[in-house]
Amino acid sequence: MQIEEQVSLAPFTTLKIGGPARYFCRVASESDLLEIVGFATERNLPLFVLGGGSNLVVADSGFGGVVMQVAMEGYEEFARDDSPKILRRIGAGVEWDEFVENTCFQPYSGVECLAGIPGTVGGSPVQNIGAYGQEVAQSIRGVRAFDLRAHTFVELSAAQCEFGYRRSIFNTTQRGRYIVTRVDFEFDRNAKVKLNYVDLQKHFGDQPSPGPLEVYEAVREIRDRKGMLIDPENPVPDSRSAGSFFKNPVVSARVLKDILETLPPDEGTMPQWPTDNGTVKLAAAWLIEHAGFKKGFALGRAGISSKHTLALINRTGDASCEELLRLRDLIVLTVEQRFGVTLAMEPVMLG
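For clarity, every value in this text was computed on a predicted model and none was experimentally measured.

A. Quick peek at the nonpolar core. The biggest cluster of nonpolar side chains holds 55 residues, and the ones touching the most others in it are Trp96, Phe99, Phe185 and Leu200. The element best represented in this core is strand E12 (residues 178-188), accounting for six residues. Beyond its immediate sequence surroundings of up to four residues, Phe99 is in contact with Tyr75, Arg88, Ile90, Val94, Val111, Val121, Phe185 and Phe187.

Take a look at the structure:
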């Protein structure tokens, strides 16, 4: 394992923004992981785990600690003849979209609506990635991770991960405690695809029961139209983003009532979805657009995607983190003043 110094982090992120890491290394095994943890501990340096860099904003000053890029590969599959259940154990460094395509090809249903999301398998449980009516938590059976507090490897059940909307213990109550090395997924060979999202229902129309691979390809096509499909070989401005920059806010019925009372007749219908606990999820993109920020909006070298309002982009390829955060703050302040709702940033901030 090679440990490098002063390595620029911008090329390792989909935003292509950010300064250098004091130390940087690729970790391809659990023994490598133990070595780099020891290296950081001996020097009393903070440690950051880098996956695909798709949900990450790096400060212009970089990171004064150790950045370890998880590169653990591996596919294992277990099945019993008397059960339709399939267990798939996947290394944390496997590319997420590669895993989704492979799963759909089997064909197993459960992650097909999560096609085209950049990043790695190890990052999927951290924020409980979700799209088009599906969340990864619905298929995760467990997570193997290194516990930095106990200094040992542990096996966490899905229940212990405490999944919620874009959350888990890994990015909330136990942030920074665990390093994910493997994710275990469970699929049912008899499960059928469920098209819960309007865009997918429109795409397939009256076509009966599309298979997982058909849905995988449809989701990638839809994401591409919205500028949310990152092509490393063709880094056009709309693809230099961290995906959805803001979470869809969840508000009380009272807040929803207050918003609806202030909307003029020409605002149109505001998208909203009831949740299990009586609150309501709103569409961050709709709030941003109706606060005056249209697709293609620019602020210096940063901007909003020309195809999707939720994606903040590095328009010119050389935008600074400071410019991006200035745009973020302007959007958050304006939406709060207009609707009384505070948008939360979805990507992780480093540095």
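After that view, the rundown keeps rolling.
B. Fine view of the packing of helix H2 (residues 96-105) against helix H5 (residues 212-225). Taken N-terminus to C-terminus, the directions of H2 and H5 make an angle of 145°; their axes are 7 Å apart at the nearest point. Read as a crossing pair, H2 and H5 show a hand that is left-handed. Two secondary-structure elements touch here, H2 through Asp97, Val100, Glu101, Cys104 and Phe105 and H5 through Pro212, Leu213, Tyr216 and Arg220. Classifying every residue of the contact of H2 with H5 by side-chain character gives six nonpolar, no polar and three charged.

C. Inspection of helix H8 (residues 321-339) at higher detail. Taking 1.5 Å per residue as the helical rise, H8 with its 19 residues ought to reach 27 Å, and the 27 Å between its terminal C-alpha atoms agrees with that figure. Looking only at H8, the buried set comprises Cys321, Glu323, Leu324, Leu325, Leu327, Arg328, Ile331, Val332, Thr334, Val335 and Phe339. Where H8 terminates, the next one or two residues include Gly340, which has phi positive at roughly 75°.

D. Spatial organisation of the packing of aromatic side chains. Per the counting criterion, the structure on display carries 15 aromatic pairs. Three or more aromatic residues link up through ring pairs in this structure, and these residues are Trp96, Phe99, Tyr108, Phe185 and Phe187. When the ring centre of Tyr165 is taken as origin, the NZ or CZ atom of Lys281, which lies over that ring, is 4.1 Å away.

E. Summary view of the environment of Gly227. Summarising the element assignment, Gly227 is placed in the loop between H5 and strand E13 (250-251). On the accessibility criterion, Gly227 (9% relative accessible area) is buried. As a C-alpha pair, Gly227 and Gln134 span 93 residues in sequence and 20 Å in three-dimensional space. Non-local contacts of Gly227, meaning those with residues more than four positions away in its chain, are made with Asp238 and Lys307.

F. Layout of the side chain of Asn171. As for its placement among the helices and strands, Asn171 is situated in the loop between helix H3 (158-161) and E12. A polar side-chain atom of Asn171 sits 3.2 Å from the main-chain carbonyl oxygen of Arg166. Setting aside residues no more than four positions away along its own chain, Asn171 makes contact with Val126, Gln127 and Arg166.

Thresholds applied
Residues numbered from 1 in each chain as written. Predicted model: local features only at pLDDT ≥ 70, side-chain atom pairs only at ≥ 80, totals over all residues. Heavy atoms only, no water. Core = buried A, V, L, I, M, F, W, Y, C linked by side-chain atoms within 4.5 Å. Buried < 20%, exposed > 50% of the residue type's maximum accessible area, 1.4 Å probe, protein only. Helix = DSSP H or I, 4+ residues; strand = E, 2+ residues; numbered from the N terminus. Contact = heavy atoms within 4.5 Å. Axes fitted to C-alpha atoms, helices over the stretch in contact; angles between N-to-C directions. Left-handed = near helix turned anticlockwise from the far one by under 90°. Nonpolar A, V, L, I, M, F, W, Y, C, P; charged D, E, K, R; others polar. Expected span 1.5 Å × (residues − 1). Phe/Tyr/Trp six-rings, centres within 6.5 Å; stacked < 30°, edge-to-face > 60°. Lys NZ or Arg CZ within 6 Å of the ring centre and 35° of its normal. Polar contact = N/O pair within 3.5 Å; in protein donor to acceptor, adjacent residues only side chain to side chain.

Read these as geometric descriptors, not functional statements.
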